[in-house]
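Listed below are the residues making up each chain.
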Amino acid sequence: MAVFTEVSADEARALLRALKLGELRELRGIQSGIENTNYFVTAEDMFGATEYVLTLFERLTAEQLPFYLHLMKHLAQHGIPVPDPAADKDGDILHTVAGKPAALVNKLAGGHELAPGPDHCSQVGAMLARMHLAGRDYKRHQPNLRSLAWWNETVPVVLPFLEPEQAALLRSELAFQNHVAGSSAWQALPRGPVHADLFRDNVMFDGGQLTGFFDFYFAGIDAWLFDLAVCLNDWAIDLPTGRHDPERARAFVAAYASVRPLTAAERQLLPAMLRAGALRFWISRLWDFHLPREASLLKPHDPTHFERVLRQRIAQPVTAAALG
Ligand SMILES: Nc1ncnc2c1ncn2[C@@H]1O[C@H](COP(=O)(O)OP(=O)(O)OP(=O)(O)O)[C@@H](O)[C@H]1O
Ligand SMILES: N[C@@H](CCO)C(=O)O
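Residues numbered from 1 in each chain as written. Chains lettered and ligands numbered in written order. Predicted model: local features only at pLDDT ≥ 70, side-chain atom pairs only at ≥ 80, totals over all residues. Heavy atoms only, no water.

Things to note about the site of ligand 2
So, step 1. In the neighbourhood of ligand 2, the contacting residues comprise Asp197, Phe199, Phe218, Phe281, Arg285 and His301.
So, step 2. In this structure, Asp197 approaches ligand 2 through a side-chain N or O atom, which is 2.5 Å from an oxygen atom.
So, step 3. Within the side chain of Arg285, a nitrogen or oxygen atom sits 2.6 Å from an oxygen atom of ligand 2.
So, step 4. When ligand 2 sits alone it has 260 Å² of accessible area, and the protein chains cover 90% of it.
So, step 5. In the shell around ligand 2, the residues fall into three nonpolar, one polar and two charged. (Near = heavy atom within 4 Å. Polar contact = N/O pair within 3.5 Å; in protein donor to acceptor, adjacent residues only side chain to side chain. Areas by Shrake-Rupley, 256 points an atom, 1.4 Å probe, with all protein chains shown as cover. Nonpolar A, V, L, I, M, F, W, Y, C, P; charged D, E, K, R; others polar.)

Written out as structure tokens, the structure is:
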């Protein structure tokens, strides 16, 4: 469950009042998610009832949060379907609730598509490219905080928990990614704000139509190709085995490239970036699994899933040419 911090009805009422969003009708803790405390909030004003999502940030600091919240606002203003943080009378979108930094955003319609087909992948691929283009003139800068520097810092912390063979793979993949990051192709990759965690459970569909991307709290400035690789590693694999699904991957990449064609450097580095995407989540899952925070009922994601994905990506590299 993901209510790390309890919010009282009075606290929710006070926030709604400060944001001039009407009276509180319902406050309901959201049981999924592993990073933040989330509540569904129903408010009613003279126009009727509206649903919002209240997020209390458990790990991120008030220094880091403006980048994410203003990015969501920027993208929403550029027509990308993402939650739009509500502002108070001073224009502030970062609030304090129960002593934690907090935001209130509109609730996206629909639910997750946990068994996506090629059509879902095309919709997400095209919207991902539109989102990258819409982020080009976003002025704030914050690196992807779960990128190479964090991998280098965190790998030594998780290594003692691994079997020798797993430790060897983790070490050698990290060395490979450090090597790739020194290449001219890597330097040439187009960059901008990326979501960096756009898994099936961070996208909403309603009646088969994409209604939005959410959970931008791992976003940062990074290679657009990294975002694409993270998506392919989730949207276009068979979850039980981690095996690449060529049909879904082709649909995803073709739709992405129809909005923003891949550059030569991106085509060259796709196989390495797919490995990077798998490594990133293997490390974070190992970290969450072996060094959990104090959260009574938290169920960490299975790290071995991304170990399998990484092994597949190394044994059977997926090239841009194979994806059309
Ligand atoms: N803007 C939104 N609109 C609709 N539903 C939302 C929205 N934000 C969050 N939710 C719901 O709340 C659940 C938990 O949110 P989220 O995935 O952001 O949790 P988290 O703990 O912040 O992240 P993580 O995915 O890293 O575990 C989502 O699965 C979704 O059902
Ligand atoms: N998407 C991440 C969880 C953090 O959002 C994972 O599956 O490990």
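After that view, the rundown keeps rolling.
Focus: a nonpolar patch on the surface
So, step 1. On the surface, Val157, Phe161 and Leu291 cluster together into a nonpolar patch covering about 230 Å² of accessible area.
So, step 2. Among the structural elements, Phe161 can be located in the loop between helix H4 (148–158) and helix H5 (164–180).
So, step 3. Since its relative accessible area comes to 40%, Phe161 is described here as partly exposed. (Patch = residues over 30% accessible without salt bridge, like charges linked within 9 Å, V, L, I, M, F, W, Y side chains within 5 Å. Salt bridge = Lys/Arg side-chain N within 4 Å of Asp/Glu carboxyl O. Helix = DSSP H or I, 4+ residues; strand = E, 2+ residues; numbered from the N terminus. Buried < 20%, exposed > 50% of the residue type's maximum accessible area, 1.4 Å probe, protein only.)

Re the packing of aromatic side chains
So, step 1. Considering all chains together, one arrives at ten aromatic pairs under this definition.
So, step 2. Between Phe57 and Tyr217, the aromatic rings sit 4.7 Å apart at their centres with planes inclined by 70°, giving edge-to-face as the arrangement. Here Phe57 is found in the loop between strand E3 (48–56) and helix H2 (65–77), whereas its partner Tyr217 is found in the loop between strand E8 (209–213) and strand E9 (220–223), with 160 residues between them in sequence. Side by side, Phe57 and Tyr217 carry an identical accessibility label, which is buried. (Phe/Tyr/Trp six-rings, centres within 6.5 Å; stacked < 30°, edge-to-face > 60°.)

Digging into the sheet that holds strand E4 (residues 95–97)
Consider a sheet: its strands pair through backbone hydrogen bonds, and that pairing is either parallel or antiparallel.
So, step 1. As summarised here, the arrangement of the five strands in space is E1-E2-E3-E5-E4, forming an open sheet in which the pairing is antiparallel. The sheet is open, and its two edges are formed by strand E1 (23–29) and E4, each paired on a single side. In this sheet, adjacent strand axes meet at a mean angle of 35° when their direction is disregarded.
So, step 2. Summarising the sheet, E1 and strand E2 (residues 37–45) pair through six bridges and their orientation is antiparallel. Of the residues in E2, the one forming a bridge with Arg28 is Phe40.
So, step 3. In the packing of helix H1 (residues 9–18) onto the sheet, the strands contacted are E1, E2, E3, E4 and strand E5 (100–106), and the crossing angle to E1 comes to about 130°. (Pairing = 2+ DSSP bridges. Axes fitted to C-alpha atoms, helices over the stretch in contact; angles between N-to-C directions. Contact = heavy atoms within 4.5 Å.)

Brief notes about the site of ligand 1
So, step 1. Close to ligand 1 lie 19 residues; Ile34, Glu35, Asn36, Leu108 and Asp215 are nearest.
So, step 2. The contact in question runs from an oxygen atom of ligand 1 to an N or O atom on the side chain of His112, over 3.1 Å.
So, step 3. Measuring from an oxygen atom of ligand 1, one finds a side-chain N or O atom of Asp215 at 2.9 Å.
So, step 4. Here ligand 1 loses 90% of its free accessible area of 600 Å² to cover by the protein chains.
So, step 5. Those elements that place two or more of their residues in the shell around ligand 1 are E2 and E5.

Things to note about helix H3 (residues 118–134)
So, step 1. Taking 1.5 Å per residue as the helical rise, H3 with its 17 residues ought to reach 24 Å, and the 24 Å between its terminal C-alpha atoms agrees with that figure.
So, step 2. Within the span of H3, buried status applies to His120, Cys121, Gln123, Val124, Gly125, Met127, Leu128, Ala129, Met131, His132 and Ala134.
So, step 3. Against H2, strand E6 (191–194), strand E7 (203–206), E8, helix H7 (224–235) and helix H8 (246–259) lie the buried residues of H3. (Expected span 1.5 Å × (residues − 1).)

Things to note about H2
So, step 1. Here H2 is 13 residues long and its end C-alpha atoms lie 18 Å apart, about the 18 Å a rise of 1.5 Å per residue gives.
So, step 2. Among the structural elements, E5, H3, E6 and E9 are those in contact with the buried residues of H2.

So, the packing of helix H9 (residues 264–290) against helix H10 (residues 303–315)
So, step 1. The contact between H9 and H10 brings their axes to 8 Å, and the two run at 160°. Looking at the two axes, H9 sits roughly antiparallel to H10. Once H9 is placed against H10, the crossing between them reads as left-handed. Side by side, H9 and H10 meet where Leu274, Arg275, Ala278, Leu279, Phe281, Trp282, Arg285, Leu286 and Phe289 of the first sit next to Pro303, His305, Phe306, Glu307, Val309, Leu310, Arg313 and Ile314 of the second.
So, step 2. A breakdown of the residues in the contact of H9 with H10 according to their chemical character gives twelve nonpolar, one polar and four charged. (Parallel < 35°, antiparallel > 145°, perpendicular 65-115°, else oblique. Left-handed = near helix turned anticlockwise from the far one by under 90°.)

So, the domain arrangement of the chain
So, step 1. Considered domain by domain, the chain is made up of domain 1 (9–106) and domain 2 (118–323).
So, step 2. The C-alpha centroid of domain 2 is placed 27 Å from the C-alpha centroid of domain 1.
So, step 3. Counting from both sides, the interface comprises 26 residues of domain 1 and, opposite them, 29 residues of domain 2.
So, step 4. Both sides together, the interface formed by domain 1 and domain 2 hides about 2400 Å², and carbon and sulfur atoms give 65% of it.
So, step 5. When the buried surface of domain 1 facing domain 2 is broken down by residue, Ile34, Arg59 and Phe67 rank first, second and third, together holding 30% of it.
So, step 6. Put simply, domain 1 and domain 2 have one salt bridge between them.
So, step 7. Residues Arg59 and Asp288 are paired through a salt bridge, measuring 3.3 Å at the closest nitrogen-oxygen approach.
So, step 8. At the boundary of domain 1 with domain 2, the tally comes to ten residue pairs in polar contact (both at pLDDT 80 or more).
So, step 9. The element contributing the most residues to the side of domain 1 that touches domain 2 is H2, with ten residues. (Domains from an automatic or database assignment. Buried area = accessible area lost by both parts, 1.4 Å probe.)

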